[in-house]
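Next come the chains, spelled out residue by residue.
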Amino acid sequence: MATAVGIDLGTTNSVIAAWQGGEPVVIPNAEGARTTPSVVAFTENGERLVGQLARRQSIMNPKGTIYSAKRFIGRRFDEISEEAKAVSFDVVEGDGGAARFEVRGKKYAPEEISAQVLRKLADDAGKFLGERVREAVITVPAYFNDAQRNATKDAGRIAGLEVLRIINEPTAAALAYGLDKKGHETVLVFDLGGGTFDVSLLDVGDGVVEVRATAGDSHLGGDDFDRRLVDYLADDFQRDNGIDLRSDPQALQRLFEAAEKAKVELSSMAQTQVNLPFITADAGGPKHLTMTVMRSKFDDLTADLVERCMGPVKQAMSDAKVSANDIDEVLLVGGSTRIPAVQALVRRLTAGKDPNMSVNPDEVVAMGAAVQAGVLKGEVSDVLLLDVTPLSLGVETRGGVMTKIIERNTTIPVRRSEVFTTAEDNQPAVDVVVLQGERELARDNRVLGRFSLQNIRPAPRGEPQVEVIFDIDANGILNVTARDKDTAAEQSITISEQSNLDKSEVEQMVSEAESHRRDDEVLRRAVEARNELDSVAYQVERRLAQLGDSAAPHDRARAEMLVADARQAVKEEAPPDRVQPLTSELQQLLQGLQPTPTGDGNGQPSGNGDGSMSDDDVVDAEFDRG
Amino acid sequence: MAIPAEQSTSEQDPGATAEPVASQADRDEELARLEDRWRRAVADLDNLRKRYARELEHERTREQSKVAGAWLPIVDNLERAISHAGDESSAVLDGVRNILREAVQVLEHLGYPRDAETGVPFDPERHEVVGVVDQPDRTTGTILDVIRPGYGEGSRQLRPAAVVVSRRKE
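Calculation criteria
- Residues numbered from 1 in each chain as written.
- Chains lettered and ligands numbered in written order.
- Predicted model: local features only at pLDDT ≥ 70, side-chain atom pairs only at ≥ 80, totals over all residues.
- Helix = DSSP H or I, 4+ residues; strand = E, 2+ residues; numbered from the N terminus.
- Buried ≥ 20, exposed ≤ 12 C-beta atoms within 10 Å, placed from the backbone.
- Contact = placed C-beta atoms within 7 Å.
- Rg over C-alpha atoms; globule rule 2.2 N^0.38 Å.
- Pairing = 2+ DSSP bridges.
- Axes fitted to C-alpha atoms, helices over the stretch in contact; angles between N-to-C directions.
- Domains from an automatic or database assignment.
- Nonpolar A, V, L, I, M, F, W, Y, C, P; charged D, E, K, R; others polar.
- Parallel < 35°, antiparallel > 145°, perpendicular 65-115°, else oblique.
- Left-handed = near helix turned anticlockwise from the far one by under 90°.
- Core = buried A, V, L, I, M, F, W, Y, C linked by C-beta atoms within 7 Å.

**What to know about the overall build of chain B**
A tally of helices and strands in chain B yields two helices and five strands. Each helix and strand of chain B, ordered N terminal to C terminal, gives the series α-α-β-β-β-β-β. Counting the 170 residues in chain B, one finds 15% classified as buried. Considering only residue pairs separated by 6 or more positions, chain B has 65% of its internal contacts joining residues 24 or more positions apart.

Structure representation (structure tokens):
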């Protein structure tokens, strides 16, 4: 079955997304970019270029490079004469008064230009997905009239796409956030793009989205913010050096790039450095532009632009007869909504509501369109609902900590296993305590069950290998098996009620773990430090026993003293600052206590216990004595 | 996506006709449905694995170009500094010139060769026009000057060369 895609056909940039494996995914174009400029060029030698390539040659071919086609689509020439003056190419009146672009004596309809952009997006996506893209959902601004919607649909047809539906951009944003699945809500969508600003108020709920009011400013966007910063930098430079950088195209280009970068940085930092060495030169030699821009300065420079957003928001709210307190959700769309001052304004206008921007604001519209495409193709409902384990599952290991075997949110059915060993010499049995929860210490988690695996053959600690297998079937039933790899003896337990926690209990456990995370981390590290000390003390003891009388008497005396200290520290549950120095001393000592080269070589198969490493390279944790 | 379920009906149940139980057809259907689902799940997993492998490669390339790209302004500025010195020669300057050469070489070894060729025709894959100069004696669209060299080519392009092109005044 062919994949249906969602396309955000923008004024300056377009984005395509597909429903993939149960979620909307943005598809990069052939050049590897996730957004494609909505630009089409007709070159002198009859070539047609779309996207980034078209934009690169626009300066050399201003009359043959068409951009902002969206401002003209489905419009009559007499409606857009103002817009026509603002662009570098020729806009003329066609048959029946429709707006047409004239390039080298040939007339093109705006829908033909948009079709080229759609074609490129669909072709590139087809290459990426490995299958031809035939069907699409395309978005338009909520204020588009029937003629504009039909023309957009025609653009899709010209591009060889079956247009499953034309949907509103704010609606798509609401779908991307899954708001349609929630209860009835009033949603404000604030969309500040590169060159246009739109506000919409939606009624969302029960799978239906209704646009109650829209307002906007068709010539306000991120580019205006860049321009302000460029002027500020250039003015300042001119004051100090007497040179206007704006009259030098090369310097201006660098200024624009630096301004955009600074703007982006000021969204996350309070200040940034603009550094343009060798920006120009005069008789006195090269000149450099170095300036620190504070966020407060940037806010100051762009305050009136931000204020201009206010009118349309108020307008939309009064048209929809909605007060700030009636708004349940605020969605931010468009890259310029990353500007902190813009977000502050939105908060101010919506009674302090925190706006949503967890979905990339440049991509949210295309993602929502892909969700719609998935729904229309029946793929969304067809997804097999997969269960996950609500909480982590594991066993208790030495020192009373929980070792997780299956992490929370793992999709089931699932089977995981880990190998453990004994904590004492000749330990005859291991206790398996099955735990559920997110806390580090076993005692803070829920015990689901316990059993013991008996008859382990006598062996030094660390040698027996006990495999613990956790298996959850599709019904959520957990089966825990412990198997002695030496004797193949097995013991197991089946726990069926591990998932009968309700949602609030799970959430509480997760949030408790979150709030205790730092403390728990400290406790776990303390336990691990003591385990390490215990382990190295044991190795030293063992080495001493092997060496017998060949160990130097003073080494032996010192070792015995340190081992006794270590045992004491473990017993008293000493903090890491006492444990760690002891561990490193013992480790050093252990290295000094090499057996003579002609010795018995320890006799262990994998070399465990040799050298200074602790012996846990096949073993992940150790069980306490039962 | 391939549809692996298509073979599922032919390769099973040799005894299906021998036992004419009433619910046999239902069971066969259920079995076929389940087999179809299972094969789809396995195929999905396999495709996901392939997609992962592909995406990993893609992400690696992307990360590499991100890191390499972040250094380009520094290489550019080094180049600007040197060009301001003109033909001057001093031990320090020669040393700095060597540093630039080294930087360009590093980029080339990473797979981003420098592109600063003039006199060639404009190619939107390689060039970005930042200026136009009227030149009656040259064909339109010849690269007259490279303002900022490009690095990388094809799908591994860090950025195109910023160029000034000729235009024949008509």
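After that view of the structure, there is still more to cover.
**Some remarks on the overall build of chain A**
Each helix and strand counted, chain A has 17 helices and 27 strands in total. Taking 626 residues into account, the globule formula puts the C-alpha radius of gyration at 25 Å, and chain A, at 34 Å, lies well above it. Dimensions along the principal axes, computed over C-alpha positions, put chain A at roughly 105 × 70 × 55 Å. Across the 626 residues of chain A, 40% fall into the buried class.

**Some thoughts on the sheet that holds strand β19 (residues 393–397) of chain A**
All names here are of chain A. One open sheet holds the four strands; their spatial order is β20-β19-β22-β23, and the pairing between them is antiparallel. The strands lining the two open edges of the sheet, one partner per strand, are β20 (401–406) and β23 (446–453). Averaged over all pairs of adjacent strands, the angle between strand axes in this sheet comes to 30 degrees, irrespective of strand direction. Two strands pair when backbone bridges link them, and β19 and β20 are joined in this way by five bridges, in the antiparallel orientation.

**Some words on the sheet that holds strand β14 (residues 197–205) of chain A**
Residues and elements named next belong to chain A. Taken in spatial order, the four strands make up an open sheet running β15-β14-β13-β18, and their pairing is mixed. Both edges of this open sheet fall to β15 (208–217) and β18 (329–333), since each of them pairs with a single strand only. Averaged over all neighbouring strand pairs, the angle between strand axes comes to 20 degrees, with direction disregarded. Note that strand β13 (residues 185–192) and β18 share five bridges and pair parallel. In the strand pairing of β18, Asp191 is matched with Val333.

**A few points about the domain arrangement of chain A**
All names here are of chain A. Along its sequence, chain A is carved into domain 1 (4–172), domain 2 (180–220 + 309–358), domain 3 (222–304), domain 4 (393–515) and domain 5 (524–595). Relative to domain 2, the C-alpha centre of domain 1 lies at a distance of 26 Å. Contacts between domain 1 and domain 2 engage 11 residues on the former and 12 residues on the latter. In terms of residue count, helix α5 (residues 169–176) provides more of the side of domain 1 that touches domain 2 than any other element does, three residues in total. For the side of domain 1 that touches domain 2, the per-class residue count stands at four nonpolar, six polar and one charged.

**Concerning the interface of chain A and chain B**
Facing the 16 residues of chain A at the interface are 21 residues of chain B. Contributing elements (two or more residues each) for the side of chain A that touches chain B: α1 (52–56), α7 (249–266) and β16 (271–282) of chain A. Of the residues in the side of chain A that touches chain B, the class split is nine nonpolar, five polar and two charged.

**Focus: the packing of helix α15 (residues 517–547) of chain A against helix α17 (residues 576–592) of chain A**
Residues and elements named next belong to chain A. Between α15 and α17, the least distance of the axes is 9 Å, while the angle of their chain directions is 30 degrees. In this view, α15 runs roughly parallel relative to α17, as classed from their interaxial angle. Relative to α17, the crossing made by α15 is left-handed. From α15, Arg525, Ala526, Ala529, Arg530, Glu532, Leu533, Val536, Ala537, Gln539, Val540 and Arg543 reach across to α17, where they touch Pro576, Val579, Gln580, Leu582, Thr583, Leu586, Gln587, Leu589 and Leu590.

**Some thoughts on the nonpolar core**
Residue and element names in this part refer to chain A. Counting 109 residues, the largest nonpolar core has Val5, Ala17, Ala136 and Ala369 as its most contacted members. Looking at which element gives the most residues to this core, the answer is helix α12 (residues 364–376), with eight residues. Beyond its immediate chain neighbours, meaning those up to four positions away, Ala369 contacts Gly6, Ile7, Asp8, Ala17, Val137, Ile138, Thr139, Ile167 and Ala172. In this structure, Val395, Ile406, Phe470 and Ile472 belong to the second largest nonpolar core, which totals 22 residues.

**With respect to the domain arrangement of chain B**
A common way to report how large an interface is uses the accessible area buried once the components associate. All names here are of chain B. Assigned domains within chain B: domain 1 (21–111) and domain 2 (113–170). One C-alpha centre belongs to domain 1, the other to domain 2; they are set 26 Å apart. Counting residues at the interface gives nine residues for domain 1, matched by eight residues for domain 2. Of all the elements in the fold, those that place two or more residues in the side of domain 1 that touches domain 2 are α1 (24–84) and α2 (91–109). With five residues, α1 is the single largest residue contributor to the side of domain 1 that touches domain 2. Here the residues of the side of domain 1 that touches domain 2 sort into four nonpolar, three polar and two charged.

**Focus: unusual backbone geometry**
All names here are of chain A. In this model, Asn409 sits at a positive phi of 70 degrees, which is unusual for a non-glycine residue. Within the secondary structure, Asn409 is located in the loop between β20 and β21 (414–421). The exposed category is assigned to Asn409, around which 11 C-beta atoms lie within 10 Å. Of note in the backbone geometry, Glu573 takes a positive phi value of approximately 50 degrees without being a glycine. Mapped onto the fold, Glu573 is located in the loop between α16 (553–571) and α17.

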